[in-house]
Amino acid sequence: MPIKEKIIRQISLLKRIGQLNKIKTGFMIGNTAKIDKVNNYLTPIRKFNRMVIGGAIIDNEHLAMGISKQVDGIIEYVFVDAEKKVSDNSSINGDPANIERIVREEISQSKLLTYKGNDLSADAIDSFISYKYKDALRGVGGKKITIVGAGNLGSKLALKLVERGGKVVITRRNKKKLELISKALNIIKPSYTTENVEFEVDNKIAAIGSDILIGTTNGRPIITKNMVESLKDSAIIIDAGKGNLNENAINLAMERKIEIYRLDVTSALAGMIEAQLTNENNFKNKMGRKYFKNIGFVAGGIFAKKGEIVVDDISNPSSFIGISDGRGDFNRVLSSSDETFYNNLIIEYKKQIKEN
């Protein structure tokens, strides 16, 4: 069935689920550089507390335009991948390919928001690994983690995992780039992080003694039998690039009872949706500055002036956050007379809000 017909069916199903559960509907338009026979496909429908969401992963601007027209005004929220991963050959007019730009030009009725696909993947893997080893005394700390493919996703993931104390080794065919990436990550990581991101061009050597082996290349079966032979008996393998293990590697892992996991972005997606909807509510309803008795009340992350009162919601305050010191923080110590003054002022401010 052509992908456009599949999208029509998914849109209909999303609307039905949204109506039945009284939640919002969303559609994600992602882009990919994955090497595969089928570069355009639908993602599963996922239902969260506040939204049901489906989507498509595509590799060209023409399809991005068509999908945008299909969902605009029918689905409430359209999320487009802001990362640029498709080749310029997929461009409509010969300019550098830009899926986000095409979607922005076409969406006029639905609410358009952006996300970054590789960030979702990195967050999902980081969260998974953290939970997987939650009962270990040191958590991820001290575990050897080999990341095959130090591209955008692999590099982002390496930084997250070395920050957790993992002994991270990254690989890439281009040694010069690999060495630069390793150096950059070690400069960026927190200064008190004792572990470093090491690098190795030879994947088999990199895998020796690994607790966690992660493939992050674009669908290429880069993880081999020789690499699996080098892993610890207690090791796990994560296929983040979806198709990163060759058949012999899979068979040996099964034989050795080494667990293989496939990237699942559901946990990170849930967080992204919640963050986006919270931001929307914050910008629309909670953020702002109002004056009462010549004193400013501030909410929603606006930088407060010295002496201004920071509350949780400018339109309907329910909690007092603090008194601004004018430098981006709060006055940690207030005199008893100041506390009385501000508490009374907040009570009066709330009363005025309710009366209006």
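Above this text sits the structure in question.
Computed from a prediction, not measured in an experiment: that's the story for all the values here.

Novice: In this structure, what is going on with the sheet that holds strand β4 (residues 77-81)? I would like to understand it.
Specialist: Hydrogen bonding along the main chain pairs the strands of a sheet, whether they run parallel or antiparallel. Read across the sheet, 5 strands follow the order β2-β3-β1-β4-β5 without closing on themselves; strand pairing throughout is mixed. Of all strands in the sheet, those with a lone pairing partner are β2 (41-47) and β5 (111-115), marking the two edges. On average, each strand axis in the sheet is tilted by 20° relative to the strand beside it, whichever way the strands run. Looking at chain direction, β4 and β5 are connected through 5 bridges and run parallel. In the strand pairing of β5, Asp81 is matched with Tyr115. Along the sheet, helix α1 (residues 3-21) makes contact with β1 (24-31), β2 and β3 (51-58), crossing β2 at roughly 5°.

Novice: Hey, could you run me through the sheet that holds strand β11 (residues 259-262) in this one?
Specialist: Taken in spatial order, the 6 strands make up an open sheet running β8-β7-β6-β9-β10-β11, and their pairing is parallel. Looking at strand neighbours, the two that pair on one side only are β8 (198-199) and β11, the edges of this open sheet. Bridge count between strand β6 (residues 144-148) and strand β7 (residues 167-171): 5 bridges; the pairing is parallel. What sits directly across from Thr146, in β7, is Val169. Packing against the sheet, helix α5 (residues 152-163) makes contact with β6, β7 and β9 (212-215), and its axis sits at approximately 170° to β6.

Novice: What is the right way to read the packing of helix α2 (residues 61-71) against helix α3 (residues 99-106) from this model?
Specialist: Taken N-terminus to C-terminus, the directions of α2 and α3 make an angle of 30°; their axes are 9 Å apart at the nearest point. Considering the angle they form, α2 stands roughly parallel to α3. Relative to α3, α2 is oriented so that their crossing is right-handed. Note on element contacts: α3 touches α2 through Ile99, Arg101, Ile102, Val103 and Glu106, opposite Glu61, Ala64, Met65, Ser68 and Lys69. Residue composition of the contact of α2 with α3, grouped by class: 5 nonpolar, 1 polar and 4 charged.

Novice: What's the story with helix α4 (residues 117-132) in this structure? I'm lost.
Specialist: Given 3.6 residues per helical turn, the α-helix brings residues three or four places apart onto the same face. End to end, α4 covers 22 Å across 16 residues, agreeing with the expected 22 Å (1.5 Å per residue, within 8%). Three or more residues of α4 are buried, namely Gly117, Asn118, Leu120, Ser121, Ala122, Ala124, Ile125, Asp126 and Ile129.

Novice: Is there a simple way to explain unusual backbone geometry in this structure?
Specialist: Negative phi values dominate among residues other than glycine, just as trans dominates among peptide bonds. In this structure, Lys242 is a non-glycine residue whose phi angle is positive, near 60°. Relative to the helices and strands, Lys242 resides in the loop between β10 (236-239) and α9 (247-255). Non-glycine residue Lys257 carries a positive phi angle of around 60°. Assignment of secondary structure puts Lys257 in the loop between α9 and β11. On the accessibility criterion, Lys257 (71% relative accessible area) is exposed.

Novice: For this particular structure, what's the right way to read the pairing of β7?
Specialist: Look at any regular strand and the pattern is simple: side chains alternate between the two faces of the sheet. The element β7 is largely enclosed, with a buried count of 4 among its 5 residues. Running through α5, the crossover from β6 to the neighbouring parallel element β7 is right-handed. As paired elements, β7 and β8 share 2 bridges and run parallel to each other. Counted as the bridge partner of Val169 is Glu198 from β8.

Novice: Can you walk me through the nonpolar core in this structure?
Specialist: Ranked by internal contacts, the top residues of the largest apolar core, which has 42 residues, are Phe79, Ile129, Ile147, Val168, Ile170 and Ile214. The dominant element in this core, judged by the number of residues it contributes, is α5, at 6 residues. Once residues within four sequence positions are removed from consideration, Ile214 is found in contact with Ile125, Ile129, Ile145, Thr146, Ile147, Val148, Leu157, Leu161, Ile238 and Ala240. Listed in part, the 24 residues of the second largest apolar core include Val52, Ala97, Ile99 and Ile102.

Novice: Is there a simple way to explain the pairing of β10 in this structure?
Specialist: Here β10 shows two buried faces, one formed by Ile236 and Ile238 and the other by Ile237 and Asp239. Sheet analysis places β9 next to β10, joined by 4 bridges and oriented parallel. Paired with Gly215 across the bridge in β10 is Asp239. Relative to β11, β10 runs parallel, the two being bridged by 4 bridges. What sits directly across from Ile237, in β11, is Ile260. Remark: the β10/α9/β11 crossover connection has right-handed handedness.

Novice: Looking at this structure, I do not really get α9. What am I missing?
Specialist: Residues Ala249, Leu252 and Ala253 constitute the buried set of α9. One side of α9 carries all its buried residues, which in axial view fall inside an arc of 100°. α9 presents Glu247, Met254 and Glu255 as exposed residues on the side facing more than 90 degrees away from its buried surface. Looking at the packing, one finds that the buried side of α9 touches α8 (225-229), β10 and β11. Between a side-chain oxygen at the N-terminus of α9 and the backbone nitrogen of Asn248 the separation is 3.2 Å; the capping residue is Asn246. Downstream of α9 by one or two residues, Lys257 has phi in the positive range, about 60°.

Scoring rules and cut-offs
Residues numbered from 1 in each chain as written. Predicted model: local features only at pLDDT ≥ 70, side-chain atom pairs only at ≥ 80, totals over all residues. Heavy atoms only, no water. Pairing = 2+ DSSP bridges. Helix = DSSP H or I, 4+ residues; strand = E, 2+ residues; numbered from the N terminus. Axes fitted to C-alpha atoms, helices over the stretch in contact; angles between N-to-C directions. Contact = heavy atoms within 4.5 Å. Parallel < 35°, antiparallel > 145°, perpendicular 65-115°, else oblique. Left-handed = near helix turned anticlockwise from the far one by under 90°. Nonpolar A, V, L, I, M, F, W, Y, C, P; charged D, E, K, R; others polar. Expected span 1.5 Å × (residues − 1). Buried < 20%, exposed > 50% of the residue type's maximum accessible area, 1.4 Å probe, protein only. Right-handed = clockwise from strand over helix to strand, strands pointing away. Core = buried A, V, L, I, M, F, W, Y, C linked by side-chain atoms within 4.5 Å. Arc of directions from axis to C-beta. Polar contact = N/O pair within 3.5 Å; in protein donor to acceptor, adjacent residues only side chain to side chain.

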